[in-house]
Amino acid sequence: MYMMPALSAQDSIPVPRIAGIRLGENRLDFPGRRERFDSLLCLLRSDSSRLNILHIGGSHVQAGILPNRLRQDMGASRGMLFPWKAIRSNAPANYSLTPTGSWERSRCTEPSPAEQLGMSGAAAITSDSLASLRLELPAGHAFRRLHVIGKAEGGAEPCLIAGSGDTLTAVSQGDDYTFSFAECDSCCTIAFKGMRGGARFVLRGIYPESSRRITYSESGVNGASLPSWLRCSLLAEELQRFCPPDLVIFGIGINDANVPPSHFDTEAFKASYRNLMDEMRKANPRVCFLFITNNDCWLHSGRQRRILNRNTQKVEQAMMELARECDGAVWNQFRIMGGYGSSNRWVSSHLMNRDHIHFLRPGYELLADLLCNAIMTPLPTSSEGEEASATTLPHTK
């Protein structure tokens, strides 16, 4: 059985020193009480306790680069999967769900989603008898059981062809279709039978069970904001059934803040976060929350206008206040980057996209390594933090 050794300060992941990045700010901040969070971190650093982590957000999460790097850093298994290509959207490169047939979509970013949504924030809908999904996971992520999560209508039913060629039948309970394998597998094909006379299947996700002690699920939808995730009426139910989270990493805020500063309502932002935290507590009342502040970014206002987004610091302050209320933690990505204007340096260092919002692969992987170090290693001394934080961002034209 795979077990990740506890990390110490000596085991920290090496990160490059890049001008302007404030490595001294790379820590978890605890505006409130930290005892319960410390207990969670002790379990995370141990080699025995089973833990579930959920990382929820927008396009930074859907891209899958940052979550997968953090998953690798922690030695965790993969949680929820979704067939993004079936609904004509970008998919993480670290697993494959290749579709055939015709599919429709529903997403939480729609003002009124046509389907009930859950943990993935999206649904792929098919009534095509030729529809299928070929699942391939990388080495080390084999599973003995696989859950196909979704709603069958009109006699439709999922079936599965294992990598060995055996056809498996599901044990169904509500919207959970569970397939058990004779031995561990990392690839299979999901198909559908009974697709006639108006039958259809509304797929909300695929969940492989692993023996690894940490499961790291990512739930990200391009363009998702807090109201988007609050539209997912089955979120708490699915989390409770498949992976009650011990830690939720919140990466939501970049889309909420993409409005003129006069239009950003801090109190409404915090109220929406409180509502979402309440949904998480339905799945696990003892869940801990870690907030990732927005990165430094541009505000895209109109076709040509690009200006620094001054809402970033408002989001930072709101997250500090929320963390104080729930005894959570804050990872201050904005300050670590270098503060206002630092996205210019990240672009010129080939870490960030020229849209000054999204990162390139090296940038996402650097952020993941920094976050893992902040979570898994002791806090730096105050003198170390002050010395490193004194690094200033060189002038960028």
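Conventions adopted
Residues numbered from 1 in each chain as written. Predicted model: local features only at pLDDT ≥ 70, side-chain atom pairs only at ≥ 80, totals over all residues. Heavy atoms only, no water. Core = buried A, V, L, I, M, F, W, Y, C linked by side-chain atoms within 4.5 Å. Buried < 20%, exposed > 50% of the residue type's maximum accessible area, 1.4 Å probe, protein only. Pairing = 2+ DSSP bridges. Helix = DSSP H or I, 4+ residues; strand = E, 2+ residues; numbered from the N terminus. Axes fitted to C-alpha atoms, helices over the stretch in contact; angles between N-to-C directions. Contact = heavy atoms within 4.5 Å. Salt bridge = Lys/Arg side-chain N within 4 Å of Asp/Glu carboxyl O. Phe/Tyr/Trp six-rings, centres within 6.5 Å; stacked < 30°, edge-to-face > 60°. Lys NZ or Arg CZ within 6 Å of the ring centre and 35° of its normal.

### Things to note about the nonpolar core
Across soluble globular proteins, nonpolar side chains show a tendency to be buried alongside one another. Membership of the largest hydrophobic core comes to 74 residues, with the highest contact counts inside it found for Phe250, Met280 and Phe291. Counting residues in hydrophobic clusters, the runner-up holds 41 residues, among them Ile13, Leu70, Trp346 and Cys372.

### As for the sheet that holds strand S8 (residues 143-153)
Ordered in space as S5-S6-S14-S8-S12-S11, the six strands form an open sheet in which the pairing is antiparallel. Two strands in the sheet have a free side with no partner beyond their single neighbour: strand S5 (104-107) and strand S11 (171-173). Across the sheet, the axes of successive neighbouring strands diverge by a mean angle of 30 degrees, strand direction being ignored. Pairing geometry for S8 and strand S12 (residues 176-185), over six bridges, is antiparallel. In the sheet register, Val148 faces S12, and the bridge partner there is Tyr177. With respect to the sheet, helix H5 (residues 235-242) is in contact with S8, S11, S12 and strand S14 (200-209), its orientation differing from that of S8 by roughly 155 degrees.

### Regarding the side chain of Asn284
Its location among the elements puts Asn284 in the loop between helix H6 (266-283) and strand S17 (288-292). Look past the residues within four positions of Asn284 in its chain and what remains in contact with it is Pro244, Pro245 and Asp246.

### Side note on the pattern of salt bridges
Counted by the stated rule, this structure contains 24 salt bridges. For Glu365, the salt bridge goes to Arg361, with nearest N and O atoms at 3.4 Å. Of the two residues, Glu365 and Arg361 both sit in helix H10 (residues 361-376), four residues apart, roughly one turn of that helix. The exposure class of Arg361 is partly exposed, given its relative accessible area of 43%. Connected through salt bridges with shared partners, the residues Arg69, Asp73, Arg361, Glu365 and Asp369 form a single ionic network.

### Some words on the packing of aromatic side chains
Per the counting criterion, the structure on display carries 16 aromatic pairs. Geometrically, the ring pair formed by Phe143 and Phe181 is edge-to-face, given 5.2 Å between the ring centres and 75 degrees between the ring planes. Linking Phe143 in strand S8 with Phe181 in strand S12, this pair joins segments that are 38 residues apart in sequence. Just as Phe143 is buried, Phe181 falls in that class too. Put simply, the rings of Phe250, Phe264, Phe269, Tyr273, Phe289 and Phe291 touch in pairs and so form one group of aromatic residues. Directly above the aromatic system of Phe30 lies the positively charged group of Arg34, at a separation of 4.3 Å from the ring centroid.

### With respect to the pairing of strand S16 (residues 247-251)
Counting buried positions along S16 yields four of five residues, so the element is predominantly enclosed. Of the strand pairs in this sheet, strand S2 (residues 51-57) and S16 are connected by five bridges, and their pairing is parallel. Paired with Leu54 across the bridge in S16 is Val248. For S16 and S17, the ladder comprises four bridges, and the chain directions are parallel. Note that in S17 the partner of Ile249 across the bridge is Leu290.

### Regarding unusual backbone geometry
Residue His350 is not a glycine yet carries a positive backbone phi of 60 degrees. Of note, His350 is situated in the loop between helix H9 (342-348) and H10. The phi dihedral of His356 falls on the positive side, at around 60 degrees, and the residue is not glycine. With respect to the helices, strands and loops of the structure, His356 is situated in the loop between H9 and H10.

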